[in-house]
Amino acid sequence: MSERVQALEMIQEQIKELDAILKRAGSDLNTVGGSERVAKWKVRTIPLIAAHLGQQDAQRFSDTRPGPSFTNDLLEELSDEVEIYRSFLVSLAEKVKKAGDTIDGSA
């Protein structure tokens, strides 16, 4: 299996985990636990990105932080945080796909 395919699979798996954390927080009505799980997920994800895509992308992900939120709705705030990380991973997947297309000569 190529490194590009492995990287894309890793990204998809991390997105699935992130979705599951948000879904669980919503069903449990436990946003504090959800926030803790997101923080642990992020710590686990950083070395995966470093291993598959390099330290520069891992550092960019590590530096990604949610902005201030003024909704007073903890579930919405958690959802916003999850969306920031999801968007980063989706854009990273697009970058990997484009790089692969260039390498494959498809672009």
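Refer to the preceding data block for the structure.
Described below are features of the structure shown in this document. Sequence positions are assigned chain by chain, starting from 1 and proceeding in written order. Predicted model: local features are reported for residues with pLDDT of at least 70 only, side-chain atom pairs are reported and counted for 80 or more only, and whole-chain, interface and lining totals are derived from all residues. Working from all heavy atoms in the structure, the side-chain values ignore hydrogens and water.

## Points about the packing of helix H2 (residues 31-53) against helix H3 (residues 55-63)
In the contact formed by H2 and H3, the axes pass within 7 Å of each other and the chain directions differ by 160°. Relative to H3, H2 is oriented roughly antiparallel. Between H2 and H3 lies a crossing of right-handed hand. Contact residues: Trp41, Lys42, Thr45, Ile46, Ile49, Ala50 and Leu53 in H2; Gln55, Asp57, Ala58, Phe61 and Ser62 in H3. Each axis is a line fitted through C-alpha atoms, and for a helix only the stretch in contact is used; angles between axes span 0 to 180 degrees, taken between their N-to-C directions. A run of DSSP states H or I qualifies as a helix once it reaches four residues; a run of E qualifies as a strand once it reaches two. Both are numbered from the N-terminal end. Roughly parallel refers to an angle under 35 degrees, roughly antiparallel to one over 145, roughly perpendicular to one between 65 and 115, and oblique to any angle outside these ranges. Each crossing is labelled by how the near helix is turned from the far one, with a counterclockwise turn of less than a right angle marking it left-handed and a clockwise turn marking it right-handed. We call two residues contacting when some pair of their heavy atoms lies within 4.5 Å.

## A word on the nonpolar core
Working definition of a nonpolar core: buried Ala, Val, Leu, Ile, Met, Phe, Trp, Tyr and Cys residues. They are joined through side-chain atoms within 4.5 Å. Only protein chains enter the area calculation, which uses a 1.4 Å probe; residues under 20% of their type maximum are buried, those over 50% are exposed, and those in between are partly exposed. Within the largest apolar cluster, 22 residues are counted, with the highest numbers of intra-cluster contacts made by Ile11, Val38, Trp41, Ile49, Phe61 and Leu89. Listed by contribution, the elements that provide at least two residues to this core are helix H1 (3-28), H2, H3 and helix H4 (74-104). Counting residues per element, this core draws most heavily on H1, at nine residues. The residues touching Leu89, leaving out its near neighbours within four places in the chain, are Ile11, Gln14, Ile15, Trp41, Ile49 and Phe61.

## Considerations on H1
Multiplying one less than the number of residues by 1.5 Å gives the expected span of a helix. Its 26 residues give H1 an end-to-end C-alpha distance of 37 Å, which sits within 8% of 38 Å, the value for a rise of 1.5 Å per residue. The complete set of buried residues in H1 reads Ala7, Leu8, Met10, Ile11, Gln14, Ile15, Leu18, Ile21, Leu22 and Ala25. Within two residues after H1, Leu29 carries a phi angle of roughly 55°, on the positive side.

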